[in-house]
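# Overview (structure and organization)
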Amino acid sequence: MVIYKAKDYKDMSRKAANIISAQVIMKPSCVLGLATGSSPVGAYKQLIEWYKKGDLDFSEVKTVNLDEYKGLSKENNQSYYYFMYNQLFKHINIKLENTHIPNGIAEEEAAECERYNKTIHCLGGIDLQLLGIGHNGHIGFNEPNQAFEKNTHCVALTESTISANSRLFENAGEVPRFAYTMGIKTIMQAKKILVVVSGGDKAEIIKRAFTGPVTPSVPASILQMHNDVILVGDEDALSEILL
Ligand code: F6R
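As a starting point, this report considers the structure included with it. (Residues numbered from 1 in each chain as written. Predicted model: local features only at pLDDT ≥ 70, side-chain atom pairs only at ≥ 80, totals over all residues. Heavy atoms only, no water.)

### Some words on the pairing of strand β6 (residues 128-131)
- Of the two faces of β6, the one carrying Leu 128 and Leu 130 and the one carrying Gln 129 and Leu 131 are both buried.
- Bridge count for strand β2 (residues 31-34) against β6 is 2 bridges, and the pairing is parallel. Of the residues in β6, the one forming a bridge with Gly 33 is Gln 129.
- Direction of pairing for β6 relative to strand β9 (residues 192-197): parallel, over a ladder of 4 bridges. Bridging across to β9, Gln 129 finds its partner in Ile 193. (Buried < 20%, exposed > 50% of the residue type's maximum accessible area, 1.4 Å probe, protein only. Helix = DSSP H or I, 4+ residues; strand = E, 2+ residues; numbered from the N terminus. Pairing = 2+ DSSP bridges.)

Now the structure itself:
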């Protein structure tokens, strides 16, 4: 694993955007695995800025997102599709038909999981997967568990995740209780993984995930087994693992 220490959130975002840009420049038709949440927003802003300057071209890029709330449609302003459209897709020249996110309102849960697995498989897998990490060590919505779930599945969100995500809703009662998420095997099959973390509140879980035992009770700990992980964190988030 390579660790880049950033001064602050802005610096972290710039470093992460540089790595994503390099991927897009080296392979214009690459498959990017994308995440929502607070951690990647700054990197998306930076990518948009570089695109507007003419330095980046997303016309052949394909994307697959990690997850989507079950029960929310694309048009719902709390859905991850809405987030991705507004934070990134509408500002760059990506073709919307090349962007993929689980369908939160699919009628059949199992069929939707199967469809999403196939989509990723048909794209040839993920070249670069961007990840944030939850306070309980979740990646995507793979919550602490007895075993690592391999493929796309529907999960019951934990109270800690519901309460962390409630900051984006009117109240905790509105946060969906279930979500579709890419599985750990699919994430681990990405050729390269880029983790972005900021803030002292993530320091403890970063220590457990990257220096503790590999265990499904800390899903991000599996990343220790991947041979090409880049961790970009600000000083506060890395304070427990770097001097
Ligand atoms: C988002 C996702 C989640 C977040 C994690 C951290 O698509 O899959 O695993 O990456 O909850 O969220 P933030 O970045 O808001 O701290």
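The structure having been displayed, the exposition proceeds.
### Re the site of the ligand
- Inspection of the region around the ligand gives 14 residues, with Ser 39, Asp 67, His 138, Gly 140 and Lys 202 positioned closest.
- One of the side-chain nitrogen or oxygen atoms of Arg 167 is found 3.0 Å away from an oxygen atom of the ligand.
- Relative to its free-state accessible area of 410 Å², the ligand is covered by the protein chains to the extent of 91%.
- Of all the cavities here, the one that holds the ligand is the largest pocket.
- Here the shell around the ligand is built from residues that sort into 3 nonpolar, 8 polar and 3 charged. (Near = heavy atom within 4 Å. Polar contact = N/O pair within 3.5 Å; in protein donor to acceptor, adjacent residues only side chain to side chain. Areas by Shrake-Rupley, 256 points an atom, 1.4 Å probe, with all protein chains shown as cover. 1 Å grid on protein atoms, 1.4 Å probe; cavity = no way out; pocket = protein on both sides within 12 Å on 5 of 7 lines; lining within 4 Å. Sits in = over half its atoms within 2 Å of the grid points. Nonpolar A, V, L, I, M, F, W, Y, C, P; charged D, E, K, R; others polar.)

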